[in-house]
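Chain by chain, the residues:
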Amino acid sequence: LNRWVPFKPEDLKRILDDYLGDVQLVAEFSDVRAGIVGRLHTALGNAHTLYPDAEIYVVAHSEGTVVAWLGLLAGVTDPVTYPWIKQVRGFMTIGSPIDKHLILWPDLFTSFQRPHASLVSPQPFIRWLNYVDNGDPVGFELDTARSWMHQRDYDQVFNFTPDDDYYFTRY
């Protein structure tokens, strides 16, 4: 039975503090961010070592979408260091604040100028689907990300069109 339960003011404060704390750690502390993205690289590297022919699909939610995209961008930019990138076939984001990060913290993305030439193709190989909860105050369609990728040719690696934003309502 689905019942709506109103938030108490102290619940909202806790939720906002937790969310903003996660965002601040990723966006503003490079050593923490490097450690988090490094764990993603390690996990994907281990998958590549154990299953060198497997297709990899990355599914991420909320601030995890930013971490995952930073990790994928590193792989797309440097496939020699991150050979697992050639196995990635899909990226699913749910409630993603990537656009907010591109606008509020553009320096997070300055090291990503172009994908490695060996990965550029007229048929992008990483299919990206983005799911947007109509009631989510943070995660929307990712049109800023699409524009950013187009300006730097990352759209020749990520297959992500405006039709790949899927909207839903939970209630």
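Residues numbered from 1 in each chain as written. Predicted model: local features only at pLDDT ≥ 70, side-chain atom pairs only at ≥ 80, totals over all residues. Heavy atoms only, no water.

A. Quick peek at helix α3 (residues 63–77). If you check α3, its first and last C-alpha atoms are 21 Å apart, about what 15 residues at 1.5 Å a residue would give, namely 21 Å. Most of α3 sits inside the fold, with 13 of its 15 residues counted as buried. (Helix = DSSP H or I, 4+ residues; strand = E, 2+ residues; numbered from the N terminus. Expected span 1.5 Å × (residues − 1). Buried < 20%, exposed > 50% of the residue type's maximum accessible area, 1.4 Å probe, protein only.)

B. Structural context of the pairing of strand β1 (residues 56–61). Side-chain alternation along β1 places I56, V58 and A60 on a buried face and Y57, V59 and H61 on a face that remains uncovered. Here β1 runs beside strand β2 (residues 88–94); their pairing, made up of 6 bridges, is parallel. Paired with Y57 across the strands is G90, a residue of β2. Once you follow β1 into α3 and on to β2, the crossover reads as right-handed. (Pairing = 2+ DSSP bridges. Right-handed = clockwise from strand over helix to strand, strands pointing away.)

C. Spatial organisation of the environment of G95. Inspection of the secondary structure puts G95 in the loop between β2 and α4 (98–104). Along the primary structure G95 and D136 are separated by 41 residues, whereas in three dimensions their C-alpha atoms are 7.0 Å apart. Among residues more than four places away in sequence, those in contact with G95 are S62, Y131, D136 and G139. (Contact = heavy atoms within 4.5 Å.)

D. Just the confidence of the model for the protein, in detail. Per-residue confidence for the protein averages 86 on the pLDDT scale, and 82% of its residues sit at or above 70. Here residues 1–5 is a poorly scored stretch, pLDDT under 50, and it has 0 contacts once near neighbours within four places are set aside; other chains count. (pLDDT = per-residue confidence, 0-100.)

E. A look at the side chain of D164. On the secondary structure map, D164 appears in the loop between β4 (158–159) and β5 (165–168). Polar side-chain contacts of D164 include one of 2.8 Å to the backbone nitrogen of T161. Beyond its immediate sequence surroundings of up to four residues, D164 is in contact with R127, W128, L129, N130 and N159. (Polar contact = N/O pair within 3.5 Å; in protein donor to acceptor, adjacent residues only side chain to side chain.)

F. Spotlight on unusual backbone geometry. Backbone geometry places S62, a non-glycine residue, at a positive phi of 55 degrees. Tracing the chain through its elements places S62 in the loop between β1 and α3. Of note, D153 is a non-glycine position whose phi angle comes to about 70 degrees, a positive value. Its location among the elements puts D153 in the loop between α5 (143–151) and β4. Note on D153: relative accessible area 28%, which makes it partly exposed.

G. Structural context of the nonpolar core. By size, the foremost hydrophobic cluster in this structure holds 35 residues, and its most contacted members are W69, F91, F109, W128, W148 and F158. Where this core is concerned, the elements lending two or more residues are α2 (30–50), β1, α3, β2, α4, β3 (126–133) and α5. In terms of residue count, the dominant contributor to this core is α3 (9 residues). Setting aside residues no more than four positions away along its own chain, W128 makes contact with W69, F91, T93, I98, L142, M149, F158, N159, F160 and D164. (Core = buried A, V, L, I, M, F, W, Y, C linked by side-chain atoms within 4.5 Å.)

H. Structural detail: α5. Among all positions of α5, only A145, R146, W148 and M149 are buried. Projected down its long axis, α5 shows its buried positions confined to an angular sector of 165 degrees, all on one face. Exposed side of α5, more than 90 degrees from the buried face: H150 and Q151 are the residues found there. Buried-residue contacts for α5 involve α3, α4, β3, β4 and β5. (Arc of directions from axis to C-beta.)

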